[in-house]
Amino acid sequence: LKMSWACFYLPLRLLMAVCLCHSIRAPTSTFKSDLFKFYHSLILADGKETTVHLLKDIPKRYYFTLEEGRAPAPFTITVTPCDVPIEWSILRHKATASFLGKAAHGDHDTQEISKSQKTPSTVSTIFNYKGNSVETYVGMSYYSALYMLEFLSTERDTHITVYLTTDTTSGHLYPELPLDPRIDVIGIGPTTVTLAWKHSPSVLQHRENIQYCLLVNEKHNYKSLCAAETAIRSSGMKVPPTLALSLSPYLLEPQQVMILSHSELSIINRASGGEVRQICVGTKNTYTVPSLSASTQYYFDVFVVNLLTNASAAYTGTFARTLEEPEPKMTELKDGKVIRVVLDGRKQKLYSLQYQARHKRIQFTFQSCRGQVQVHITKNGKTVASENLSGLRYFSLKGNLLDTYLVQLRSTEQSNSSVKVQVSSHFHKPLFPLLPDSLKIKSFSKLRTCNSVTIAWLGTREESKYCVYKKRIEDDQVWTELQSADRCAGPESRPRSEKVLCKYFHDTNLQRAVTTETIRGLHAGTLYLFDVYLMGPSGIPVRYYSKVVKTRKKC
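Structural notes, computed from the coordinates. (Residues numbered from 1 in each chain as written. Predicted model: local features only at pLDDT ≥ 70, side-chain atom pairs only at ≥ 80, totals over all residues. Heavy atoms only, no water.)

1. Considerations on the overall build of the protein
Regarding its fold elements, the protein presents eight helices and 36 strands. For the protein, the proportion of its 555 residues judged to be buried stands at 44%. Considering only contacts in the protein between residues 6 or more positions apart, those separated by 24 or more positions represent 74%. Summed over its atoms, the accessible surface of the protein is roughly 29,100 Å², and 51% of this surface lies on carbon and sulfur atoms. (Helix = DSSP H or I, 4+ residues; strand = E, 2+ residues; numbered from the N terminus. Buried < 20%, exposed > 50% of the residue type's maximum accessible area, 1.4 Å probe, protein only. Contact = heavy atoms within 4.5 Å. Areas by Shrake-Rupley, 256 points an atom, 1.4 Å probe, with all protein chains shown as cover.)

2. A few points about the environment of T309
Mapped onto the elements of the fold, T309 is located in the loop between β17 (297-306) and β18 (312-314). A residue is classified by how much of its surface remains accessible, and T309, at 37% relative accessible area, is partly exposed. Distance from T309 to Y174, taken between C-alpha atoms, is 8.4 Å for residues 135 residues apart in sequence.

3. Digging into unusual backbone geometry
In this model, S295 sits at a positive phi of 50°, which is unusual for a non-glycine residue. Since its relative accessible area comes to 29%, S295 is described here as partly exposed. In this structure, N380 takes a positive phi of about 55° despite not being glycine. On the secondary structure map, N380 appears in the loop between β24 (373-379) and β25 (382-389).

4. What about the state of the cysteines?
Taken as a whole and judged by the stated rule, the model has five disulfides. Paired through a disulfide, C213 and C280 show a sulfur-sulfur distance of 2.1 Å. Taking the torsion about the sulfur-sulfur bond, which here is approximately 100°, the covalent link between C213 and C280 counts as right-handed. Taken together, the residues C213 in strand β12 (residues 210-217) and C280 in strand β15 (residues 274-282) connect sequence positions 67 residues apart. The same class applies to C213 and to C280, which are both buried. Each disulfide pairs two cysteine sulfurs, and for C369 the partner residue is C488, the sulfurs being separated by 1.7 Å. Note on the C369 and C488 pair: the S-S dihedral is about -80°, so by sign convention the disulfide is left-handed. Of this pair, C369 sits in strand β23 (residues 361-370) while C488 sits in the loop between α8 (478-484) and β32 (499-505); the two residues are 119 residues apart in sequence, bridging distant segments of the chain. Here C369 falls in the buried class, since its relative accessible area comes to 1%. With relative accessibility at 4%, the residue C488 sits in the buried group. (Disulfide = S-S within 2.5 Å.)

5. A look at the environment of T404
Here T404 shows up in strand β27 (residues 404-411). For T404, the contacting residues outside a window of four places in its chain are Q354, Y355, Q356, T378, K379 and N380.

6. Considerations on the sheet that holds β24
The strand order β20-β22-β27-β24-β25 describes an open sheet built from five strands, whose pairing is mixed. Each having just a single partner strand, β20 (330-332) and β25 make up the two edges of the open sheet. The sheet shows a mean angle of 20° between the axes of neighbouring strands, direction not considered. Direction of pairing for β24 relative to β25: antiparallel, over a ladder of seven bridges. Paired with H376 across the two strands is S386, which belongs to β25. (Pairing = 2+ DSSP bridges. Axes fitted to C-alpha atoms, helices over the stretch in contact; angles between N-to-C directions.)

7. Overview of the environment of S497
With respect to the secondary-structure elements, S497 resides in the loop between α8 and β32. By relative accessible area, S497 is classed as exposed at 62%. Placed 26 residues apart in sequence, S497 and K471 show a C-alpha to C-alpha distance of 9.0 Å.

8. Some points on the side chain of D531
Mapping D531 onto the fold places it in strand β34 (residues 527-535). Given a relative accessible area of 0%, D531 falls into the buried group. Here the side chain of D531 touches R494 through a polar contact of 2.9 Å, side chain to side chain. A polar atom in the side chain of D531 sits 2.4 Å from the side chain of S546. In this structure D531 touches I441, C467, V468, Y469, R494, R543, Y544 and S546, once residues within four positions along its chain are discounted. (Polar contact = N/O pair within 3.5 Å; in protein donor to acceptor, adjacent residues only side chain to side chain.)

9. Regarding the pairing of strand β16 (residues 286-289)
Here β16 shows a clear split, with Y287 and V289 buried on one side and none of T286 and T288 buried on the other. Inspection of the sheet shows strand β11 (residues 193-197) paired to β16 by four bridges, in the antiparallel sense. Opposite T194, over in β16, you have T288 as the bridge partner.

Honestly, it's all geometry; don't read function into it.
This is the structure in structure tokens:
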């Protein structure tokens, strides 16, 4: 027997017998080919989940058999594709008992065996499948049969998991699904979807070791947890080893956000392909998914996960489309009245104001209090102005009596913004003061000392009151102070201890409408925030852009 030594390296005596059988029946070239396949295949472990990597168009084979002398017993094989559809099959290579007895005892008389057994073994396919669903085969295994599992991917390189067990008494590696594994959509809103599903029997039996995890995305449903994780990784996102997140800390990538609240752990993965949310909710079987986009279709998957083994089972996924955002509540603007609007930057909601003209000429005034605001104005349905603004801005418009103006406001930032709005037909009675060309405060580096700073700002032709305030800050407070400043708040919001002075100033020649002020009594090497408030005739203030200056450390 020219190559029977190869069989020696296979751990099962049955496999050696099958090799011997092939050597008797087949030509030498065929036997060498079969032996090569056996040698370059793997023995499938019993009771352990195995990850199998497949190369495109190259089949991969695994073998298993029962221990010698063991009575026939049931076995299960579960195959989970983690990406593209695959083909897989189970083949049974069964030899007759009398032949195996002789082969196992080392009786290698070729003529005697060939006479006593014309058909020493048979090969039959007992199961085959093609697709990307999780599939489980249940059958009976005999010690006199060798089983071969063959896997093939025809689309691209991929990986799968395979679980074989012959022990049906020690429970299940995979959590059980209920008889009805569907996910029910029991509520839909513009930004929320409420889901419910039937409890897994595993949750009822082993509550402390089982939990439910949800996956939410805008592309499609996933038939297994490893398929979902593969898809997330391929989109450029990094995921934890499993969605069975045991609330231990993970090092998140910049495109990931982790949210932990009310014993629920959410990980939001952001990539060019959209957002994927992973939410683990413990053992409750209802959940309302928050913060969704209006009028958007989402796909929802629920996985029941064994925290001890990280094995999981997938419910039948579902999908739902969120409702359209309701028409924004309309607020009527009254002539000459100033209102303040707070805009939600996170939800990016529109805020709508309506005004019916009482005169042919009107003027809209917008004062951005915090952040940048997008303003869109239409007259009788046609756009007449659209602009992103900060600071103070006027829009003078001309039309007809009873024209209907619609103003839509939105924050251009992720944080909240706010703006004051006024519409008026009385141009001769402006509520807001006349503004200079620039609202910047200038400081003079050469005039800085250890205890004084000199600043300057522009004025107008109109006699107005200017009030100067100072605030001592630390280096790490600069950004926060500048970003959080409410530019609509007047001097009354400041402590009296921060007030430096108030003075009146104007100049008919705008080239000379500049004033300076030297603030003394400061500390050396210290940062100060300086603010100037312009008070108009109506008392409505306009705040200049804050200026941060540091006094000299040594003089």
